[in-house]
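# A look at the structure
One letter stands for each residue in the lines below.
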Amino acid sequence: MNIDKVVAESKLEIKLEGRLDTNTSPILEEELKKDLPGVKELILDFKELKYISSAGLRLILSTQKTMNKQGTMIITNVNDFVMEVFEATGFIDILTIA
């Protein structure tokens, strides 16, 4: 998985490419722990995300809970496969997807 980050004041945009699964979730989690303090707006760009597993879903959920306390989180450019996963798991009701 590739992680591309753009930080501008209190806004953080992360573009993910590849798979968000058991092997790659810890990498993204470390990046988020490092960068989320002070962030008011988090944008996750899933345009190039090909797959998300339950480990990826857990990380997205915990990140959403963090951002609920300090700002907003928006997920953009979700492909059909990932959207199906969000719909099947009910995540579509708790995430902001643009």
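Residues numbered from 1 in each chain as written. Predicted model: local features only at pLDDT ≥ 70, side-chain atom pairs only at ≥ 80, totals over all residues. Heavy atoms only, no water.

As a further point, take the pattern of salt bridges. Tallied over the full model, the rule gives 5 salt bridges. Among the salt bridges present, the one from D21 reaches R19, with a minimum N-O distance of 3.2 Å. With a relative accessible area of 11%, D21 lands in the buried category. Among the ionic contacts, a cluster of salt bridges with common partners joins K5, E31, K34 and D35. (Salt bridge = Lys/Arg side-chain N within 4 Å of Asp/Glu carboxyl O. Buried < 20%, exposed > 50% of the residue type's maximum accessible area, 1.4 Å probe, protein only.)

Per the stated rule, a full pass over the model turns up 3 aromatic pairs. On the basis of an interplanar angle of 40 degrees and a centroid distance of 6.4 Å, the ring pair of F46 and F86 is categorised as tilted. Of this pair, F46 sits in strand β3 (residues 41-52) while F86 is found in helix α3 (residues 80-89), placing the two residues 40 residues apart along the sequence. Across this residue pair, the class does not change: F46 and F86 are buried. Aromatic pair Y51 and F81: ring centres 5.8 Å apart, planes at 20 degrees, arrangement stacked. Pair noted here: Y51 is in strand β3 and F81 is in helix α3, with a separation of 30 residues, a long-range link. Residue classification places Y51 among the partly exposed residues on the basis of a relative accessible area of 27%. One aromatic cluster in this structure is built from F46, F86 and F91. The ring of Y51 has R19 lying over it, and the distance from NZ or CZ to the ring centre is 4.1 Å. (Phe/Tyr/Trp six-rings, centres within 6.5 Å; stacked < 30°, edge-to-face > 60°. Helix = DSSP H or I, 4+ residues; strand = E, 2+ residues; numbered from the N terminus. Lys NZ or Arg CZ within 6 Å of the ring centre and 35° of its normal.)

Nonpolar side chains tend toward joint burial in soluble globular proteins. By size, the foremost hydrophobic cluster in this structure holds 25 residues, and its most contacted members are L42, F46, I52, I60, I75 and F86. Secondary structure elements with two or more residues in this core: β2 (11-20), α1 (25-35), β3, α2 (54-70), β4 (72-76) and α3. With 5 residues, the top contributor of residues to this core is β3. (Core = buried A, V, L, I, M, F, W, Y, C linked by side-chain atoms within 4.5 Å.)

Note that all results are geometric; they support no functional claim without further evidence.
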